[in-house]
Amino acid sequence: MSFKRLFFLYESAAEIPAEIRLGKVVEQLGRLVEEQGYESIAVTESVAPRFRVLLEALKTKHRVELFPEIPLVSVPDDYVPKRFSPFWKKYGREWGAE
Amino acid sequence: MNLGESDRIRQAEELAWQLEGLYLEPRQSARAAPYLGGRREALSRLEAFDVRGYASTRNDVREERSGVSRLSPYIRHGVLGLREVAEAVRERYGDHHDSRKFWAELGWRQFWKLVHRAWGDAIYEPMEEAKVALGERPLPAELREGRTGLVCMDAAIRDLLETGYMHNHARMWVASYVVHTCKVDWREGERWFYQHLLDGDPASNALSWQWIASTFSHKPYIFNRENVRKYSGDTFCASCSASCPFDADYPELEARLFARPVPLGQAGRVAGLEQKGWQDLPLAQSGRSKAGGKTLVWLHGDSLSILDPALQAYPEADRVLFLTRNCYRNAS
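Rules and cut-offs
Residues numbered from 1 in each chain as written. Chains lettered and ligands numbered in written order. Predicted model: local features only at pLDDT ≥ 70, side-chain atom pairs only at ≥ 80, totals over all residues. Heavy atoms only, no water. Axes fitted to C-alpha atoms, helices over the stretch in contact; angles between N-to-C directions. Helix = DSSP H or I, 4+ residues; strand = E, 2+ residues; numbered from the N terminus. Parallel < 35°, antiparallel > 145°, perpendicular 65-115°, else oblique. Contact = heavy atoms within 4.5 Å. Expected span 1.5 Å × (residues − 1). Buried < 20%, exposed > 50% of the residue type's maximum accessible area, 1.4 Å probe, protein only. Phe/Tyr/Trp six-rings, centres within 6.5 Å; stacked < 30°, edge-to-face > 60°. Lys NZ or Arg CZ within 6 Å of the ring centre and 35° of its normal.

Caption draft 1: Region of the structure containing the packing of helix α5 (residues 82–93) of chain B against helix α6 (residues 97–119) of chain B. All names here are of chain B. Where α5 meets α6, the closest approach of the two axes is 10 Å, and the angle between their N-to-C directions is 175°. Relative to α6, α5 is oriented roughly antiparallel. Here Leu82, Val85, Ala86, Val89, Arg90 and Tyr93 of α5 lie close against α6, whose contacting residues are Ser99, Phe102, Trp103, Leu106, Arg109 and Gln110.

Listed below in structure tokens is the structure:
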């Protein structure tokens, strides 16, 4: 990853504001939770497989509350996309798809 | 945070020291992009975006002519929500042809994510049989560095390297040139773009490369010189003295590009970034009291906004973001 992108992430998080840390997520989050006495971790879901791996690892030791992303269009959980046009025709009607 | 440009440069230099080893370029050339991070800037850009004319100008790569929003770095990282952006456009411009085209482009982002959700890391390998013969060559240095001699390619690559952004149409040209003209393994191009793009999204990037290559589309994407001239106003071609590989009509280009079997190159891969030891240190404190709540909100690269749903549920909670070497290709 480029420095430009890291700096963009840094600026975005700093404005929220959020604490920004370097390091392995599961170990660091676990340490923070124990040191600061948090009862739970709240996080918004991501589709990335690695996110699910991290999430499962965290769940073995901590209470984790998962929040759904806000999508552009609502799609059933079991929907398997193949091509954009049929997807948009079916689910994009709110946004003018025909 | 409301830094002047000189403060921002100084802050970037300091962070470049602290994060050395975590990013790909040498520290001496580490610079901030001309896209200020954060929601304040994102909202200002959203406010300035005028969708009128979008459908007819979005493919023009000239900055002064192109109607693209350039909001993608903010949307990619959740600084702006997809729905939020779509609604802002509807509120200001209503439901008309340009709005619909723009919304469909936002729809592509969700579509790619749904594919990623369904197929996971399989998106980094061909999703389907290629419809034409593809190459396996490694990405040559002249492409990686924008020294091909083709003005249209080098200008687009320079944009990518210097700003972290490349116009979508230029991405299509460069990706097609990489895959179909140079017969480079599309996965090399995918990783190269991902390393540099501010808006690099695992799903959008990998699957767009597959769309160009024809491993996730019905046919390969190719373009010709006429297309470049049409959408660049002859900016590039007029100053280009190279022998143009795109100067043909489409039947002739197809015959040139796909008629012969592709010689196998060295199956080189983009060198993996060396893994070093992790540092466990806070880079920036939020300045918030630890008594803010008993829940800790974990922010990641898809959710960097105060409108993040977890943060909305716990607005007073402490919140933390982790920066890691490979972060956000596979979300961490």
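Caption draft 2: The arrangement of helix α2 (residues 25–36) of chain A in detail. All names here are of chain A. Between its first and last C-alpha, α2 extends 16 Å over twelve residues, near the 16 Å set by a 1.5 Å rise per residue. Among all positions in α2, only Val25, Gln28, Leu29, Gly30, Leu32 and Val33 are buried. Positive phi appears at glycine 37, one or two residues downstream of α2, with a value of about 75°.

Caption draft 3: Quick peek at helix α1 (residues 3–15) of chain A. Residues and elements named next belong to chain A. When the terminal C-alpha atoms of α1 are compared, their 18 Å separation across 13 residues agrees well with the 18 Å that a helix rising 1.5 Å per residue should span. With respect to burial, α1 is a largely interior element, eleven of its 13 residues being buried. Listed in full, the buried residues belonging to α1 are Phe3, Lys4, Arg5, Leu6, Phe7, Phe8, Leu9, Tyr10, Glu11, Ser12 and Ala13.

Caption draft 4: Representation of the packing of aromatic side chains in the model. Following the criterion strictly, the structure yields 31 aromatic pairs over all chains and no others. Plain terms: the ring middles of tryptophan 112 of chain B and phenylalanine 216 of chain B are 6.2 Å apart, the flat faces sit at 45° to each other, and that makes the pair tilted. Of this pair, tryptophan 112 of chain B sits in helix α6 while phenylalanine 216 of chain B sits in the loop between α11 (202–213) and α12 (225–232), and the two are 104 residues apart along the sequence. Their ring planes at 75° and their centres at 5.6 Å tell us that tyrosine 177 of chain B and phenylalanine 246 of chain B sit as a pair that is edge-to-face. Here tyrosine 177 of chain B is found in helix α9 (residues 168–181), whereas its partner phenylalanine 246 of chain B is found in the loop between α12 and α13 (250–258), with 69 residues between them in sequence. Taking relative accessible area as the criterion, phenylalanine 246 of chain B reaches 3% and is therefore assigned buried. Here a set of aromatic residues connected by ring pairs shows up, and it is made of Tyr79, Phe84, Phe87, Trp88 and Tyr91 of chain A together with Trp108, Phe111, Trp112 and Phe216 of chain B. Taking the ring centre of phenylalanine 216 of chain B as reference, the NZ or CZ of arginine 83 of chain A above it sits at 5.4 Å. In this structure, arginine 171 of chain B is placed above the aromatic ring of tyrosine 165 of chain B, and the distance from its NZ or CZ to the ring centre is 5.5 Å.

Purely geometric numbers; function is a separate question.
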